[in-house]
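Fold and contact review
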Amino acid sequence: MSELEKLINLAKNAAEKIRKYRFARIVSHNDADGLTSAGIMAQALLRAGICFQLSIAGRLDEALIEEVNRSISGEELVIFCDMGSGQPELIGKVAADTIVLDHHQPVGQSPAKAVVNAHLVGIDGATDISASGTCYLVARELAADNVDLAGLAIAGAIGDKQLFHTANAFILEEALKAGVVSIRKGLKVGDGDLVDVLAYTTEPFLDITGYPEKVKEFLGQLGLSGKLEDLSEEEISRLANAVALKLVRQASPEAIEAVIGEVLLLNRELVRNVYDFISILNTCGKQKIYGLAVSLCLKDQEIVNETLSLKNEHGKKLTLDIRENVEKIRKGENIWYVITVDALSTGSLASTIVRYLHPELPFICINESEGILKVSARGTRELVSKGLDLAFALREAAGAVGGSGGGHSVASGAAIPLGSAEEFLSIADRIIGEQLRKPGKGKPR
């Protein structure tokens, strides 16, 4: 039996258990992958005639478990999406049956009734399937016509910057075959006015990003204007080649690959360009407007214009915020880092730096927000192939200063107490140095 077949069997087992309940509480993460996971499970349960209540959360902690326990009874089911694998002790405190649909590295033995996690069958959840993909595999076991939800799974995977290998490749193939998704060649960015798209898109982050006048000059040299989606194939090729030349100078190879190639169009969603769709979800997640994000996944036509305006406004603020923080970056022995206050998106900042400015070492962003220090760390697949494991590094460093952390080898997060930034960075820097100096590391995990 292949690894994918084993994963599908886990999904089948979870679907069989879900069918036994009349009510489920869905708890999902607040990024694009978590929000699409929520959208998939909400629609799958609705179609199966199972009532549900949906909650979106920034992280799984004691407070969240207490909130869940206050609002459920013993006969109900709690489904955790995009969280739960790394904290079995918290899952064990839920006063009802639980199911975990996740792609983060599992820790210990889960008390859940069912766990669907690619790592359990030898598939890399960091790169080859997201939480939304995991939820989709369960949804398609609940009903075959749930194949129309594959677009949300693909959006979640792209939102988590994954590869279309193994499980993701299977989901994409199914989506293409069913006409749920189609492909257009070009720049992997959202649609809209060319100046706005290039000036206020952080993927890619170019030397002209954040500077509309420089973008106009760049486009003028190429003889291009108007909307991206209206360009001819030849014009798109001209633009992509010019962007590639800019990226070659400094960005990581995987960043170039991530920005130029096939753009996936979501034919069953209200916003078809997958990059616009993801950007809306991330914006709603960061601003805690979760209802709007879930409404988009549930195809509420009335909120589309509002979400697009929100995305555009946030994109401008985010670009300028990243530009400002780039000036504050410092270098440790084995890391680049920045310490900031109330950054708009630490994840976007960390991803941008490691992909486009300093791909040679991992990047750690420490942001003071809501009375704690929130940490986002990002690496590259090349660094992972050399031994980098940010999940381990952040878990150890955060634990040493009285916080908690975890995630993936290539992307991880933590929450640590105020005043512990320097000690945390020192420990993380040392651990990462030891990882990168280990001999004989093979392919990325």
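Residues numbered from 1 in each chain as written. Predicted model: local features only at pLDDT ≥ 70, side-chain atom pairs only at ≥ 80, totals over all residues. Heavy atoms only, no water.

1. Regarding the sheet that holds strand 12 (residues 404-407)
The cut-off we apply is this: The pairing criterion is simple: DSSP has to find at least two bridges between the two strands. Secondary structure is summarised from DSSP: a helix means a run of H or I of at least four residues, a strand means a run of E of at least two, and numbering begins at the N terminus for each. For this analysis, residues touch if any pair of their heavy atoms sits within 4.5 Å. Axis definition: a line fitted to C-alpha atoms, over the contacting stretch in the case of helices. Angles run 0 to 180 degrees between N-to-C directions.
Strand order in this open sheet of 6 strands is 8-9-10-11-13-12, and the pairing throughout is mixed. In this open sheet, the two edge strands, each paired with only one partner strand, are strand 8 (330-331) and strand 12. Most of the contacts of helix 17 (residues 390-400) go to strand 13 (residues 411-416), to which it runs at about 10°, and overall it touches strand 11 (372-378), strand 12 and strand 13. Set on the sheet, helix 18 (residues 421-437) makes contact with strand 9 (336-341), strand 10 (363-369), strand 11 and strand 13; between it and strand 10 the angle comes to about 160°.

2. Concerning the pattern of salt bridges
Selection criterion: Any Lys or Arg side-chain nitrogen located within 4 Å of an Asp or Glu carboxyl oxygen qualifies as a salt bridge. Three exposure classes are used, based on accessible area relative to the maximum for each residue type with a 1.4 Å probe and protein chains only: buried under 20%, partly exposed in between, and exposed over 50%.
For the structure on display, the rule yields 21 salt bridges. For Asp 276, the salt bridge goes to Lys 311, with nearest N and O atoms at 3.4 Å. Here Asp 276 is found in helix 12 (residues 274-286), whereas its partner Lys 311 is found in helix 14 (residues 304-326), with 35 residues between them in sequence. In terms of burial, Asp 276 and Lys 311 fall into one category: buried. Each of Arg 140, Glu 141 and Glu 174 takes part in salt bridges that share partners, so that together they form one network.

3. Thoughts on the sheet that holds strand 1 (residues 23-29)
Strand order in this open sheet of 5 strands is 2-1-3-4-5, and the pairing throughout is parallel. Each of the sheet's edge strands pairs with one partner strand only, and the pair in question is strand 2 (51-57) and strand 5 (114-117). Within the sheet, the average angular offset between the axes of one strand and its neighbour, ignoring direction, is 15°. Pairing of strand 1 with strand 3 (residues 77-81), which is carried by 5 bridges, proceeds in the parallel orientation. Across the sheet, residue Val 27 finds its bridge partner in strand 3, namely Phe 80. Strands strand 3, strand 4 (97-102) and strand 5 of the sheet are contacted by helix 1 (residues 3-18), whose axis makes an angle of about 145° with strand 5. Here helix 2 (residues 32-47) sits on the sheet in contact with strand 1, strand 2, strand 3 and strand 4, set at roughly 165° to strand 1.

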